[in-house]
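Given next are the chains, with one letter for each unit.
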Amino acid sequence: MTTTAQWTAPGDAGGAAGVADVVRRMRALAVRLPPSDGVAVFDRVYLSVTEEFARRLGRGRFPDGPEAAELAVLFAGRYLAAVEAADAPAPDGPDADGPRTGAPSTDEPGTDGPDTGAPDTDAPRAGGRVPACWQPLVRARADPAVHPLQFALAGITAHVGHDLALAVVDTCRATGRTPDAVAPDFVAVGAVLTAIEARVREELMPGPDLLERLDPLTHAVASWSLARARDGAWAAARLLWAIRDRREAYEQCARALDVSVGAMARAVLAPFPASAARGLPAQSSGSGTGAISS
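Sequence order as written defines the numbering, with residues in each chain counted from 1. Two thresholds apply to this predicted model, a pLDDT of at least 70 for residue-level local features and 80 or more for giving and counting side-chain atom pairs, whereas whole-chain, interface and lining totals are computed over all residues. Side-chain measures here rest on the full set of heavy atoms in the structure, leaving out hydrogens and waters.

(A) How the structure looks around the environment of Pro-131. Helical segments are the DSSP runs of H or I of at least four residues, strand segments are the runs of E of at least two, and each set is numbered from the N terminus. Note that Pro-131 resides in the loop between helix 3 (65-87) and helix 4 (135-140). Put simply, Pro-131 and Ala-158 are 27 residues apart on the chain and 9.3 Å apart in space, counted from C-alpha to C-alpha.

(B) Structural context of the nonpolar core. Working definition of a nonpolar core: buried Ala, Val, Leu, Ile, Met, Phe, Trp, Tyr and Cys residues. They are joined through side-chain atoms within 4.5 Å. Using a 1.4 Å probe on the protein chains alone, a residue whose accessible area is under 20% of its type maximum counts as buried, one over 50% counts as exposed, and one in between counts as partly exposed. One finds Tyr-79, Trp-134, Ile-196 and Val-200 to be the most contacted residues of the largest nonpolar core, which totals 76 residues. Looking at this core, the elements with two or more residues in it are helix 1 (16-32), helix 2 (38-58), helix 3, helix 4, helix 5 (148-175), helix 6 (179-204), helix 9 (226-242) and helix 10 (247-268).

(C) Quick peek at the pattern of salt bridges. A pairing counts as a salt bridge when a side-chain nitrogen of Lys or Arg comes within 4 Å of a carboxyl oxygen of Asp or Glu. A complete count under the given rule lists 12 salt bridges for this structure. When the shortest N-O distance is used, the salt bridge between Glu-51 and Arg-27 registers 2.9 Å. With Glu-51 in helix 2 and Arg-27 in helix 1, this pair connects stretches of sequence that are 24 residues apart.

(D) A look at the packing of aromatic side chains. Classification of ring pairs rests on two measures: the distance between centres of Phe, Tyr or Trp rings, Trp counted by its six-membered ring, which must be within 6.5 Å, and the angle between planes, read as stacked under 30 degrees, edge-to-face over 60 and tilted in between. Applying the stated criterion to the full structure yields six aromatic pairs. Summarising the aromatic geometry, the rings of Phe-42 and Tyr-46 are spaced 5.4 Å apart at their centres and angled 55° between planes, so their arrangement reads as tilted. You can see Phe-42 and its partner Tyr-46 sitting in helix 2, four residues apart, about one turn around the helix. Across this residue pair, the class does not change: Phe-42 and Tyr-46 are buried. The interplanar angle of 50° and the centroid separation of 4.8 Å between the aromatic rings of Phe-186 and Trp-234 together place this pair among those described as tilted. With a gap of 48 residues between them, Phe-186 in helix 6 and Trp-234 in helix 9 connect regions that are remote in the sequence. Note on accessibility: Phe-186 and Trp-234 belong to one class, buried. By the ring-pair criterion, three or more aromatic residues cluster together here, those being Phe-42, Tyr-46, Tyr-79 and Trp-134. Distance and angle both matter: a charge sits over a ring if NZ of Lys or CZ of Arg is within 6 Å of the ring centre and within 35 degrees of the ring normal. In this structure, Arg-173 is placed above the aromatic ring of Tyr-250, and the distance from its NZ or CZ to the ring centre is 5.6 Å. The side chain of Arg-244 reaches across the aromatic face of Trp-241, ending 3.9 Å from its centre.

(E) Representation of helix 9 in the model. In this analysis, the expected span of each helix is defined as 1.5 Å times one less than the number of residues it contains. Helix length check: helix 9, at 17 residues, gives a terminal C-alpha distance of 24 Å against a target of 24 Å (1.5 Å per residue), a fit within 8%. Within helix 9, burial applies to Leu-226, Ala-233, Trp-234, Ala-236, Ala-237, Leu-240 and Trp-241. An end-on view of helix 9 places all buried positions within 165° of arc, on one side of the element. Structural note: helix 9 exposes Arg-228, Asp-231 and Ala-242 on the side pointing more than 90 degrees away from its buried face. Close packing links the buried residues of helix 9 with helix 5, helix 6 and helix 10. The reported arc concerns the directions from the helix axis to the C-beta atoms and nothing else. Two residues qualify as a contact provided that any one of their heavy atoms is within 4.5 Å of a heavy atom in the partner residue.

(F) Spatial organisation of the environment of Thr-50. Here Thr-50 shows up in helix 2. Exposure remark for Thr-50: the relative accessible area of 7% places this residue in the buried category. When the C-alpha atoms of Thr-50 and Val-19 are compared, they prove to be 8.0 Å apart, with 31 residues separating the residues in sequence. Once residues within four sequence positions are removed from consideration, Thr-50 is found in contact with Val-22, Val-23 and Met-26.

Now the structure itself:
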């Protein structure tokens, strides 16, 4: 049976221990992946911001600290499980010959366990297929014609456009709260996302001379908006929560969200023409952020 990648949060997902586990897994990826890997580019930026989030959490900077950590951990867990599913060995059995980044699962949710009366949120789980929203980045991760900024923007597109909405639903289920009650935590995670966007633009944005030559990158940077993506995720989360007891409608909406966000990520990753790509500076193998060397 085909399954989309799933992930289950640790028991202390809502506290510092859960955040520490996320940081540990991100660091492991940063060590294991080559610096030029597209996933590694996004991971390094996300890791640095998550480490700062953990420090602020430890200092009591968030009024709803444990609740904000719950959402942050469930949110990050979806990204981590998607990457771990992409890098896992091919399974034995009927799916062994199929690509690990194949089409989203068409299985009914919750078929591997007891029916609780609510639809499964399709949360990432090790050993499953990579969600459609993460497939473009996973497939293009070694393409030298793709700029590091594109890798980072594709990762943010997948993570915010798809994962954030479902992480809100995950958090509501885990804590017995409604989206309105989770809204302050959404704002706290939004601050983390703003920091990610700022770091991406600061560390990976090429100079104006390259932006003038590389039209696809110029278009991607100009048309991408974190605020719009975050607003869309919140609207999607509220919709999914409203139809959570309508199993078929919920699954169709969640799958459509996954596929549509995947299409946006694929557009962000449009490679440069060979002539333009030759003008790109080489990536610095020693950079901790994947920034472009001068």
